[in-house]
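A structural walkthrough
Given next are the chains, with one letter for each unit.
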Amino acid sequence: MTINNFTFYNPTRILFGKGQIESIDRSIPKDAKVLITYGGGSIKKFGTFDKIVTALGERQWDEFGGIEPNPYFETLMKAVKKIKEEGFDFILAAGGGSVIDGTKFIAAAAAFEGDPIDIFSAGIGQGLPIKKALPFGTILTLPATSSEMNAGGVITIKEKNAKVSFGSVHTYPQFSVLDPELTYTLPQRQLANGISDTFVHILENYLNQPVGAILQDGWSETALKGLIQLAPQLKEDNHDYDVRSNFMWICTNGLNGFMSQGLPTDWSTHKLGHEITAFNHTDHARTLTPIILATMEVRWEEKFAKLVQYAENVWNIHEGSDQEKAQAAIQATRKFFQSINMPVTLEEIDVEAKDIDYLVDQLIAHEFTEIGEHKTQTPEVSRAIYEKALN
Ligand code: NZQ
Ligand code: ZN
(Lines give C-alpha, C1' and ligand atoms only; values in the text may rest on other atoms or scores of the structure.)
(Ligands and ions follow the chains in the order given, each with its own letter.)
Protein backbone atom coordinates (compact mmCIF):
# COMPACT_ATOMS: atom_id res chain seq x y z
CA MET A 1 0.00 0.00 0.00
CA THR A 2 1.21 3.44 -0.84
CA ILE A 3 -0.01 7.00 -0.39
CA ASN A 4 -2.99 7.58 -2.71
CA ASN A 5 -3.19 10.42 -5.20
CA PHE A 6 -5.05 13.40 -3.84
CA THR A 7 -6.34 16.81 -4.79
CA PHE A 8 -6.71 19.02 -1.76
CA TYR A 9 -8.60 22.27 -1.52
CA ASN A 10 -9.87 24.01 1.58
CA PRO A 11 -10.92 27.61 1.09
CA THR A 12 -12.31 28.41 4.56
CA ARG A 13 -10.75 31.49 6.14
CA ILE A 14 -10.23 31.02 9.89
CA LEU A 15 -10.69 34.00 12.20
CA PHE A 16 -9.21 32.66 15.42
CA GLY A 17 -9.06 34.25 18.84
CA LYS A 18 -10.64 36.58 21.36
CA GLY A 19 -13.16 39.05 20.03
CA GLN A 20 -12.95 37.84 16.45
CA ILE A 21 -16.71 38.17 15.95
CA GLU A 22 -15.98 41.84 15.27
CA SER A 23 -13.95 40.96 12.21
CA ILE A 24 -16.89 39.41 10.34
CA ASP A 25 -17.53 42.97 9.24
CA ARG A 26 -14.57 42.64 6.86
CA SER A 27 -15.66 39.23 5.57
CA ILE A 28 -19.30 39.87 4.60
CA PRO A 29 -20.18 42.23 1.72
CA LYS A 30 -21.39 45.59 3.03
CA ASP A 31 -24.59 45.42 1.00
CA ALA A 32 -25.46 41.81 1.90
CA LYS A 33 -28.83 40.95 3.41
CA VAL A 34 -27.88 38.44 6.08
CA LEU A 35 -29.87 35.56 7.59
CA ILE A 36 -28.49 34.55 11.01
CA THR A 37 -29.15 30.87 11.70
CA TYR A 38 -28.93 29.31 15.15
CA GLY A 39 -30.15 26.49 17.35
CA GLY A 40 -32.15 26.28 20.57
CA GLY A 41 -31.13 29.69 21.86
CA SER A 42 -27.77 29.26 23.61
CA ILE A 43 -26.34 32.10 21.51
CA LYS A 44 -29.03 34.46 22.77
CA LYS A 45 -28.66 33.33 26.36
CA PHE A 46 -24.89 33.87 26.40
CA GLY A 47 -24.72 37.18 24.54
CA THR A 48 -23.23 35.97 21.26
CA PHE A 49 -26.25 37.03 19.25
CA ASP A 50 -25.93 40.64 20.38
CA LYS A 51 -22.24 40.69 19.45
CA ILE A 52 -23.12 39.40 15.97
CA VAL A 53 -25.77 42.04 15.46
CA THR A 54 -23.32 44.76 16.53
CA ALA A 55 -20.69 43.42 14.13
CA LEU A 56 -23.16 43.40 11.23
CA GLY A 57 -23.49 47.17 11.62
CA GLU A 58 -25.77 48.77 9.06
CA ARG A 59 -26.45 45.58 7.11
CA GLN A 60 -30.00 44.32 6.77
CA TRP A 61 -30.49 41.08 8.68
CA ASP A 62 -33.07 38.64 9.97
CA GLU A 63 -32.90 35.42 11.96
CA PHE A 64 -33.88 31.77 11.71
CA GLY A 65 -33.62 29.91 15.02
CA GLY A 66 -34.71 26.49 16.22
CA ILE A 67 -32.28 24.30 14.29
CA GLU A 68 -32.26 21.24 16.53
CA PRO A 69 -29.37 18.90 17.37
CA ASN A 70 -29.10 16.36 14.51
CA PRO A 71 -30.94 18.92 12.36
CA TYR A 72 -34.14 17.95 10.63
CA PHE A 73 -34.60 18.32 6.89
CA GLU A 74 -38.17 19.38 7.63
CA THR A 75 -37.00 22.33 9.83
CA LEU A 76 -34.31 23.40 7.38
CA MET A 77 -36.78 23.54 4.51
CA LYS A 78 -38.63 26.28 6.44
CA ALA A 79 -35.47 28.39 6.26
CA VAL A 80 -35.17 27.64 2.54
CA LYS A 81 -38.73 28.91 2.08
CA LYS A 82 -37.93 32.09 4.01
CA ILE A 83 -34.85 32.74 1.88
CA LYS A 84 -36.78 32.22 -1.35
CA GLU A 85 -39.61 34.49 -0.23
CA GLU A 86 -37.56 37.27 1.34
CA GLY A 87 -34.29 37.15 -0.59
CA PHE A 88 -31.06 36.86 1.44
CA ASP A 89 -27.53 36.98 -0.02
CA PHE A 90 -25.53 35.64 2.89
CA ILE A 91 -26.12 33.20 5.76
CA LEU A 92 -24.33 33.43 9.09
CA ALA A 93 -24.49 30.28 11.20
CA ALA A 94 -23.86 30.58 14.95
CA GLY A 95 -23.67 27.35 16.90
CA GLY A 96 -22.29 23.82 16.89
CA GLY A 97 -22.13 21.18 14.20
CA SER A 98 -25.90 20.88 13.91
CA VAL A 99 -26.45 24.56 13.14
CA ILE A 100 -23.50 24.65 10.74
CA ASP A 101 -24.50 21.42 8.95
CA GLY A 102 -28.08 22.67 8.77
CA THR A 103 -26.87 25.96 7.31
CA LYS A 104 -24.82 24.17 4.65
CA PHE A 105 -27.94 22.35 3.61
CA ILE A 106 -30.05 25.54 3.63
CA ALA A 107 -27.38 27.28 1.50
CA ALA A 108 -27.34 24.46 -1.03
CA ALA A 109 -31.09 23.83 -1.06
CA ALA A 110 -31.94 27.52 -1.53
CA ALA A 111 -29.91 27.53 -4.76
CA PHE A 112 -30.86 24.01 -5.92
CA GLU A 113 -32.80 23.51 -9.13
CA GLY A 114 -35.21 20.67 -8.33
CA ASP A 115 -36.36 18.99 -5.14
CA PRO A 116 -33.68 19.41 -2.42
CA ILE A 117 -34.35 15.89 -1.14
CA ASP A 118 -32.40 14.78 -4.23
CA ILE A 119 -29.25 16.27 -2.74
CA PHE A 120 -29.08 13.06 -0.68
CA SER A 121 -28.20 9.60 -1.90
CA ALA A 122 -28.12 6.59 0.47
CA GLY A 123 -31.54 5.38 -0.67
CA ILE A 124 -33.16 8.75 0.21
CA GLY A 125 -32.98 10.86 -2.97
CA GLN A 126 -31.21 10.76 -6.31
CA GLY A 127 -27.86 12.08 -5.04
CA LEU A 128 -27.76 14.89 -7.62
CA PRO A 129 -24.74 17.20 -7.56
CA ILE A 130 -24.86 20.55 -5.77
CA LYS A 131 -23.87 23.06 -8.47
CA LYS A 132 -24.05 26.21 -6.35
CA ALA A 133 -24.93 27.44 -2.86
CA LEU A 134 -25.53 30.72 -1.12
CA PRO A 135 -22.35 32.03 0.53
CA PHE A 136 -22.19 31.54 4.29
CA GLY A 137 -19.87 31.99 7.24
CA THR A 138 -19.92 30.47 10.71
CA ILE A 139 -19.37 31.38 14.33
CA LEU A 140 -18.44 28.20 16.14
CA THR A 141 -19.64 27.71 19.72
CA LEU A 142 -18.94 23.98 20.15
CA PRO A 143 -15.65 22.44 19.03
CA ALA A 144 -16.36 18.86 17.88
CA THR A 145 -17.38 18.23 14.30
CA SER A 146 -15.02 20.41 12.23
CA SER A 147 -18.04 21.35 10.16
CA GLU A 148 -16.71 24.91 10.45
CA MET A 149 -13.83 24.01 8.13
CA ASN A 150 -15.13 21.25 5.90
CA ALA A 151 -17.72 20.84 3.20
CA GLY A 152 -19.85 18.05 4.66
CA GLY A 153 -23.09 17.96 6.57
CA VAL A 154 -25.30 15.36 8.22
CA ILE A 155 -29.07 15.81 8.17
CA THR A 156 -31.91 13.82 9.76
CA ILE A 157 -34.84 13.02 7.49
CA LYS A 158 -37.59 12.61 10.07
CA GLU A 159 -40.05 11.07 7.67
CA LYS A 160 -37.61 8.30 6.74
CA ASN A 161 -35.96 7.81 10.15
CA ALA A 162 -32.61 8.37 8.49
CA LYS A 163 -29.52 10.45 9.21
CA VAL A 164 -27.49 10.95 6.06
CA SER A 165 -24.61 13.04 4.84
CA PHE A 166 -24.04 15.27 1.84
CA GLY A 167 -21.27 17.55 0.69
CA SER A 168 -19.94 19.60 -2.16
CA VAL A 169 -17.12 21.94 -3.00
CA HIS A 170 -19.76 24.69 -2.79
CA THR A 171 -20.57 24.04 0.87
CA TYR A 172 -17.32 25.13 2.51
CA PRO A 173 -17.92 28.06 4.86
CA GLN A 174 -16.34 31.24 3.46
CA PHE A 175 -15.03 31.98 6.92
CA SER A 176 -15.34 30.66 10.46
CA VAL A 177 -14.86 32.55 13.69
CA LEU A 178 -13.11 30.40 16.30
CA ASP A 179 -13.17 32.32 19.57
CA PRO A 180 -12.15 29.96 22.40
CA GLU A 181 -14.02 32.15 24.89
CA LEU A 182 -17.31 31.14 23.27
CA THR A 183 -16.72 27.62 24.62
CA TYR A 184 -16.74 28.75 28.27
CA THR A 185 -20.48 28.15 28.57
CA LEU A 186 -20.35 24.53 27.36
CA PRO A 187 -21.64 21.94 29.80
CA GLN A 188 -19.43 18.96 30.67
CA ARG A 189 -21.44 16.64 28.46
CA GLN A 190 -20.80 18.72 25.34
CA LEU A 191 -17.11 19.11 26.19
CA ALA A 192 -16.81 15.31 26.46
CA ASN A 193 -18.77 14.89 23.24
CA GLY A 194 -16.39 17.27 21.46
CA ILE A 195 -13.27 15.47 22.72
CA SER A 196 -14.69 12.08 21.73
CA ASP A 197 -16.11 13.05 18.35
CA THR A 198 -12.72 14.50 17.39
CA PHE A 199 -10.86 11.49 18.78
CA VAL A 200 -12.97 9.20 16.62
CA HIS A 201 -12.66 11.42 13.50
CA ILE A 202 -8.91 11.07 13.77
CA LEU A 203 -9.10 7.31 14.36
CA GLU A 204 -11.43 6.82 11.37
CA ASN A 205 -8.65 8.27 9.22
CA TYR A 206 -5.65 6.90 11.08
CA LEU A 207 -6.49 3.38 12.24
CA ASN A 208 -6.25 1.79 8.81
CA GLN A 209 -3.56 0.00 6.88
CA PRO A 210 -0.24 1.88 7.17
CA VAL A 211 0.86 3.65 3.99
CA GLY A 212 3.94 5.36 5.40
CA ALA A 213 2.41 8.83 5.50
CA ILE A 214 4.83 10.58 7.84
CA LEU A 215 3.11 13.93 8.16
CA GLN A 216 -0.49 12.66 8.24
CA ASP A 217 0.32 10.00 10.87
CA GLY A 218 2.43 12.31 12.99
CA TRP A 219 -0.23 14.99 12.84
CA SER A 220 -2.91 12.50 13.94
CA GLU A 221 -0.79 11.12 16.77
CA THR A 222 -0.01 14.60 18.08
CA ALA A 223 -3.67 15.58 17.97
CA LEU A 224 -4.75 12.39 19.77
CA LYS A 225 -2.12 12.94 22.46
CA GLY A 226 -3.28 16.54 22.75
CA LEU A 227 -6.86 15.46 23.41
CA ILE A 228 -5.69 12.95 26.03
CA GLN A 229 -3.68 15.70 27.73
CA LEU A 230 -6.46 18.29 27.59
CA ALA A 231 -9.34 16.03 28.69
CA PRO A 232 -8.80 16.31 32.46
CA GLN A 233 -8.35 20.08 32.13
CA LEU A 234 -11.52 20.62 30.12
CA LYS A 235 -13.82 21.09 33.07
CA GLU A 236 -17.08 22.96 32.75
CA ASP A 237 -15.88 25.79 34.98
CA ASN A 238 -12.27 25.88 33.84
CA HIS A 239 -11.98 28.98 31.70
CA ASP A 240 -8.32 28.50 30.84
CA TYR A 241 -7.88 30.29 27.52
CA ASP A 242 -4.93 28.21 26.33
CA VAL A 243 -6.68 24.93 27.15
CA ARG A 244 -9.75 26.09 25.21
CA SER A 245 -7.60 27.37 22.33
CA ASN A 246 -5.81 24.07 21.94
CA PHE A 247 -9.06 22.15 22.24
CA MET A 248 -10.78 24.27 19.61
CA TRP A 249 -7.97 24.13 17.08
CA ILE A 250 -7.43 20.38 17.49
CA CYS A 251 -11.15 19.75 16.94
CA THR A 252 -11.20 21.89 13.80
CA ASN A 253 -8.17 20.06 12.44
CA GLY A 254 -9.69 16.68 13.27
CA LEU A 255 -11.80 16.71 10.15
CA ASN A 256 -10.76 19.59 7.92
CA GLY A 257 -8.94 17.26 5.56
CA PHE A 258 -5.31 17.97 6.35
CA MET A 259 -4.64 14.80 8.35
CA SER A 260 -6.29 12.38 5.95
CA GLN A 261 -4.93 13.26 2.53
CA GLY A 262 -3.71 10.20 0.66
CA LEU A 263 -4.77 7.74 3.37
CA PRO A 264 -7.31 4.91 3.16
CA THR A 265 -10.14 6.16 5.41
CA ASP A 266 -12.78 4.11 7.19
CA TRP A 267 -15.91 6.03 8.35
CA SER A 268 -17.85 2.84 9.19
CA THR A 269 -18.08 3.82 12.88
CA HIS A 270 -19.88 7.01 11.89
CA LYS A 271 -22.32 5.14 9.63
CA LEU A 272 -23.20 2.68 12.40
CA GLY A 273 -23.46 5.55 14.87
CA HIS A 274 -25.78 7.64 12.68
CA GLU A 275 -28.24 4.72 12.58
CA ILE A 276 -28.31 4.73 16.38
CA THR A 277 -28.99 8.48 16.54
CA ALA A 278 -31.77 8.15 13.96
CA PHE A 279 -33.18 5.28 16.06
CA ASN A 280 -33.12 6.80 19.57
CA HIS A 281 -31.69 10.35 19.35
CA THR A 282 -28.47 9.57 21.23
CA ASP A 283 -25.93 12.43 20.93
CA HIS A 284 -23.68 11.83 17.92
CA ALA A 285 -20.43 11.38 19.86
CA ARG A 286 -22.02 9.00 22.37
CA THR A 287 -22.86 6.56 19.57
CA LEU A 288 -19.25 6.50 18.38
CA THR A 289 -17.31 5.52 21.48
CA PRO A 290 -18.85 2.03 21.93
CA ILE A 291 -18.74 1.35 18.19
CA ILE A 292 -15.10 2.27 17.60
CA LEU A 293 -13.97 0.06 20.49
CA ALA A 294 -15.91 -2.91 19.08
CA THR A 295 -14.59 -2.18 15.59
CA MET A 296 -11.01 -2.44 16.85
CA GLU A 297 -11.82 -5.94 18.16
CA VAL A 298 -13.97 -7.26 15.31
CA ARG A 299 -11.78 -5.92 12.51
CA TRP A 300 -8.61 -6.67 14.50
CA GLU A 301 -6.65 -8.16 11.60
CA GLU A 302 -7.25 -5.26 9.22
CA LYS A 303 -6.42 -2.73 11.95
CA PHE A 304 -3.60 -4.67 13.61
CA ALA A 305 -0.47 -2.97 12.25
CA LYS A 306 -1.86 0.47 12.93
CA LEU A 307 -3.11 -0.54 16.38
CA VAL A 308 0.47 -1.42 17.28
CA GLN A 309 1.67 1.97 15.98
CA TYR A 310 -1.18 3.66 17.90
CA ALA A 311 -0.14 1.82 21.09
CA GLU A 312 3.47 2.91 20.79
CA ASN A 313 3.14 6.45 19.49
CA VAL A 314 -0.04 7.62 21.22
CA TRP A 315 -0.22 5.58 24.43
CA ASN A 316 3.52 5.07 24.89
CA ILE A 317 3.05 1.29 25.28
CA HIS A 318 6.31 -0.47 24.47
CA GLU A 319 6.19 -3.62 26.63
CA GLY A 320 5.03 -7.05 25.45
CA SER A 321 4.29 -8.63 22.09
CA ASP A 322 2.60 -6.71 19.28
CA GLN A 323 -0.65 -8.50 20.18
CA GLU A 324 -0.35 -7.38 23.78
CA LYS A 325 0.45 -3.81 22.79
CA ALA A 326 -2.56 -3.60 20.46
CA GLN A 327 -4.86 -5.03 23.17
CA ALA A 328 -3.43 -2.62 25.73
CA ALA A 329 -4.14 0.30 23.38
CA ILE A 330 -7.78 -0.76 23.08
CA GLN A 331 -8.05 -0.95 26.89
CA ALA A 332 -6.38 2.46 27.24
CA THR A 333 -8.87 3.94 24.78
CA ARG A 334 -11.77 2.40 26.72
CA LYS A 335 -10.47 3.84 30.02
CA PHE A 336 -9.96 7.23 28.39
CA PHE A 337 -13.58 7.38 27.23
CA GLN A 338 -14.77 6.24 30.65
CA SER A 339 -12.65 8.92 32.34
CA ILE A 340 -14.74 11.59 30.61
CA ASN A 341 -18.04 9.79 31.24
CA MET A 342 -18.55 8.63 27.69
CA PRO A 343 -20.35 5.33 27.11
CA VAL A 344 -18.29 2.29 26.13
CA THR A 345 -21.22 -0.10 25.60
CA LEU A 346 -24.46 0.20 23.64
CA GLU A 347 -26.45 -0.74 26.74
CA GLU A 348 -25.42 2.61 28.21
CA ILE A 349 -27.14 4.40 25.33
CA ASP A 350 -30.30 2.27 25.46
CA VAL A 351 -29.61 -0.06 22.58
CA GLU A 352 -30.53 -3.67 23.33
CA ALA A 353 -29.86 -6.96 21.55
CA LYS A 354 -33.36 -6.93 20.09
CA ASP A 355 -32.67 -3.59 18.33
CA ILE A 356 -29.74 -4.86 16.28
CA ASP A 357 -31.89 -6.38 13.51
CA TYR A 358 -33.47 -2.98 12.97
CA LEU A 359 -30.13 -1.15 12.92
CA VAL A 360 -28.65 -3.59 10.40
CA ASP A 361 -31.79 -3.34 8.23
CA GLN A 362 -31.42 0.44 8.24
CA LEU A 363 -27.78 0.17 7.15
CA ILE A 364 -28.93 -2.00 4.24
CA ALA A 365 -31.76 0.42 3.39
CA HIS A 366 -29.21 3.25 3.27
CA GLU A 367 -26.95 1.21 0.99
CA PHE A 368 -24.17 0.90 3.58
CA THR A 369 -23.51 -2.72 2.71
CA GLU A 370 -19.83 -2.49 1.75
CA ILE A 371 -18.22 0.08 3.99
CA GLY A 372 -14.85 0.74 5.58
CA GLU A 373 -11.50 1.61 4.02
CA HIS A 374 -11.46 -1.57 1.93
CA LYS A 375 -15.25 -2.01 1.65
CA THR A 376 -14.97 -5.22 3.66
CA GLN A 377 -17.57 -4.25 6.24
CA THR A 378 -20.66 -6.12 5.07
CA PRO A 379 -23.94 -6.15 7.03
CA GLU A 380 -22.70 -9.33 8.74
CA VAL A 381 -19.58 -7.56 9.98
CA SER A 382 -21.65 -4.52 11.06
CA ARG A 383 -23.93 -6.89 12.98
CA ALA A 384 -20.91 -8.46 14.70
CA ILE A 385 -19.72 -4.96 15.69
CA TYR A 386 -23.11 -3.97 17.12
CA GLU A 387 -23.21 -7.28 19.02
CA LYS A 388 -19.68 -6.90 20.34
CA ALA A 389 -20.46 -3.33 21.46
CA LEU A 390 -23.60 -4.31 23.40
CA ASN A 391 -22.09 -4.87 26.86
O1 NZQ B 1 -28.91 24.64 20.05
P2 NZQ B 1 -28.22 25.47 21.07
O3 NZQ B 1 -29.13 26.20 21.97
O4 NZQ B 1 -27.16 26.35 20.47
O5 NZQ B 1 -27.48 24.43 22.09
C6 NZQ B 1 -26.53 23.50 21.64
C7 NZQ B 1 -27.09 22.07 21.56
O8 NZQ B 1 -28.13 21.87 22.48
C9 NZQ B 1 -25.47 23.35 22.70
N10 NZQ B 1 -24.41 24.36 22.57
C11 NZQ B 1 -23.69 24.69 21.47
N12 NZQ B 1 -22.77 25.63 21.78
C13 NZQ B 1 -22.93 25.92 23.09
C14 NZQ B 1 -23.97 25.12 23.61
N15 NZQ B 1 -24.35 25.18 24.90
C16 NZQ B 1 -23.70 26.04 25.70
N17 NZQ B 1 -22.68 26.82 25.29
C18 NZQ B 1 -22.27 26.79 24.00
N19 NZQ B 1 -21.20 27.53 23.60
O20 NZQ B 1 -24.92 22.08 22.46
C21 NZQ B 1 -25.94 21.20 22.01
C22 NZQ B 1 -25.42 20.29 20.92
O23 NZQ B 1 -25.12 21.03 19.76
P24 NZQ B 1 -24.83 20.31 18.35
O25 NZQ B 1 -24.56 21.36 17.35
O26 NZQ B 1 -25.91 19.32 18.05
O27 NZQ B 1 -23.52 19.46 18.69
P28 NZQ B 1 -22.28 19.08 17.79
O29 NZQ B 1 -21.43 20.25 17.51
O30 NZQ B 1 -21.69 17.93 18.47
O31 NZQ B 1 -22.91 18.64 16.38
C32 NZQ B 1 -23.47 17.38 16.18
C33 NZQ B 1 -23.99 17.25 14.77
O34 NZQ B 1 -22.92 17.35 13.80
C35 NZQ B 1 -22.90 16.20 12.95
C36 NZQ B 1 -23.49 15.14 13.85
O37 NZQ B 1 -23.91 14.01 13.13
C38 NZQ B 1 -24.60 15.88 14.54
O39 NZQ B 1 -25.73 15.96 13.70
N40 NZQ B 1 -21.55 15.96 12.43
C41 NZQ B 1 -21.10 16.75 11.44
C42 NZQ B 1 -19.90 16.53 10.82
C43 NZQ B 1 -19.42 17.38 9.71
N44 NZQ B 1 -20.19 18.30 9.22
O45 NZQ B 1 -18.31 17.20 9.23
C46 NZQ B 1 -19.01 15.44 11.20
C47 NZQ B 1 -19.39 14.81 12.50
O48 NZQ B 1 -18.89 13.49 12.48
C49 NZQ B 1 -20.84 14.75 12.79
O50 NZQ B 1 -21.45 13.68 12.10
ZN1 ZN C 1 -18.34 12.70 14.19
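Residues numbered from 1 in each chain as written. Chains lettered and ligands numbered in written order. Predicted model: local features only at pLDDT ≥ 70, side-chain atom pairs only at ≥ 80, totals over all residues. Heavy atoms only, no water.

The next subject is the nonpolar core. In this structure, Phe105, Phe120, Leu346 and Tyr386 are the most contacted members of the largest nonpolar core, which totals 53 residues. Here the element with the most residues in this core is helix 4 (residues 97-110); it accounts for 8 residues. Two domains each donate at least three residues to this core, and these are domain 1 (13-182) and domain 2 (189-389). For Phe120, the residues in contact, after removing those within four places along its chain, are Phe73, Phe105, Gly125, Gln126, Gly127, Ile155, Ile157, Val164, Ser165 and Phe166. If you look at the next biggest cluster of nonpolar residues, it comprises 46 residues, including Tyr206, Leu234, Tyr310 and Trp315. (Core = buried A, V, L, I, M, F, W, Y, C linked by side-chain atoms within 4.5 Å. Buried < 20%, exposed > 50% of the residue type's maximum accessible area, 1.4 Å probe, protein only. Helix = DSSP H or I, 4+ residues; strand = E, 2+ residues; numbered from the N terminus. Domains from an automatic or database assignment. Contact = heavy atoms within 4.5 Å.)

Below, the discussion takes up the coordination of the zinc ion (ligand 2). In ideal tetrahedral geometry, four donors around a metal make angles of 109.5 degrees, whereas ideal octahedral geometry with six donors gives angles of 90 or 180 degrees. Distances from the zinc ion (ligand 2) to its protein donors, Asp197 (OD), His201 (NE2), His270 (NE2) and His284 (NE2), fall within 2.0 to 2.2 Å. Donor residues for the zinc ion (ligand 2) sit on one chain with the sequence pattern D-x3-H-x68-H-x13-H. Placement of the pair is Asp197 in helix 5 (residues 188-206) and His284 in helix 9 (residues 284-298), with a sequence separation of 87 residues. With respect to class, Asp197 is no different from His284; both count as buried. (Donors = N, O, S within 2.8 Å, 3.2 Å for Na, K, Ca; no water.)

A positive phi angle, near 60 degrees, is found at Asp350, a position not held by glycine. Inspection of the secondary structure puts Asp350 in the loop between helix 11 (322-339) and helix 12 (356-365). Backbone geometry at Lys375 places phi at a positive 60 degrees, although glycine is not the residue there. Checked against the element boundaries, Lys375 lands in the loop between helix 12 and helix 13 (379-389).

Now for the site of ligand 1. Of all residues adjacent to ligand 1, which total 33 residues, the nearest are Gly40, Ser42, Gly97, Ser98 and Lys163. In the model, an oxygen atom of ligand 1 is placed 3.1 Å from a nitrogen or oxygen of the Gly41 main chain. In the model, an oxygen atom of ligand 1 is placed 2.5 Å from a nitrogen or oxygen of the Ser98 side chain. Relative to its unbound accessible area of 960 Å², ligand 1 is 88% covered by the protein chains. When its residues are assigned to classes, the shell around ligand 1 shows 10 nonpolar, 20 polar and 3 charged. (Near = heavy atom within 4 Å. Polar contact = N/O pair within 3.5 Å; in protein donor to acceptor, adjacent residues only side chain to side chain. Areas by Shrake-Rupley, 256 points an atom, 1.4 Å probe, with all protein chains shown as cover. Nonpolar A, V, L, I, M, F, W, Y, C, P; charged D, E, K, R; others polar.)

Another aspect to go through is the sheet that holds strand 5 (residues 136-140). Taken in spatial order, the 6 strands make up an open sheet running 1-8-5-4-2-3, and their pairing is parallel. Unpaired on one side and paired on the other, strand 1 (13-16) and strand 3 (60-64) mark the two borders of the sheet. Geometrically, the sheet is characterised by an average inter-axis angle of 20 degrees between neighbouring strands, direction not taken into account. Across 4 bridges, the pairing between strand 1 and strand 8 (residues 175-178) is parallel. For Arg13, the partnering residue across the bridge sits in strand 8 and is Phe175. (Pairing = 2+ DSSP bridges. Axes fitted to C-alpha atoms, helices over the stretch in contact; angles between N-to-C directions.)

All right, on to the domain arrangement of the protein chain then. Structurally, the protein chain comprises domain 1 (13-182) and domain 2 (189-389). The C-alpha centroid of domain 2 is placed 26 Å from the C-alpha centroid of domain 1. Counting residues at the interface gives 27 residues for domain 1, matched by 28 residues for domain 2. When domain 1 packs against domain 2, close to 2300 Å² is buried across both sides, 64% of that on carbon and sulfur atoms. It is Pro143, Lys163 and Pro180 in domain 1 that bury the most area against domain 2; as a group they hold 25% of the surface buried on that side. Counting every contact that joins domain 1 to domain 2 gives 0 salt bridges. At the boundary of domain 1 with domain 2, the tally comes to 9 residue pairs in polar contact (both at pLDDT 80 or more). Counting residues per element, the ones that place at least two in the side of domain 1 that touches domain 2 are strand 1 and strand 7 (162-167). For the side of domain 1 that touches domain 2, the class distribution of residues is 14 nonpolar, 7 polar and 6 charged. (Buried area = accessible area lost by both parts, 1.4 Å probe. Salt bridge = Lys/Arg side-chain N within 4 Å of Asp/Glu carboxyl O.)

This part is about the UniProt feature "domain: Fe-containing alcohol dehydrogenase-like C-terminal" (unreviewed entry) in the protein chain. This chain's UniProt record puts "domain: Fe-containing alcohol dehydrogenase-like C-terminal" (unreviewed entry) on residues 196-389. Helix makes up 63% of residues 196-389 and strand 0%. Its end C-alpha atoms lie 16 Å apart. (UniProt positions renumbered as here; feature names shortened; annotations may be inferred.)

So, about helix 13. Along helix 13, the residues that are buried comprise Pro379, Ser382, Ile385, Tyr386 and Ala389. Projected onto a plane normal to the axis of helix 13, the buried residues spread over an arc of 115 degrees and lie on a single side. Those residues of helix 13 that are buried lie in contact with helix 8 (268-280), helix 9 and helix 12. (Arc of directions from axis to C-beta.)

This part covers helix 12. Since the α-helix turns once every 3.6 residues, residues separated by three or four places project in the same direction. Within helix 12, the full set of buried residues consists of Ile356, Leu359, Val360, Gln362 and Leu363. Take helix 12 and look down its axis: the buried residues cluster within an arc of 155 degrees, on one side only. Positive backbone phi, at 65 degrees, marks Glu367, one or two positions downstream of helix 12.

Within the fold, Leu128 resides in the loop between helix 4 and strand 5. Accessibility expressed as a relative area gives 34% for Leu128, which makes it partly exposed. The residues contacting Leu128, other than those within four sequence positions of it, are Phe112, Asp118 and Ile119.

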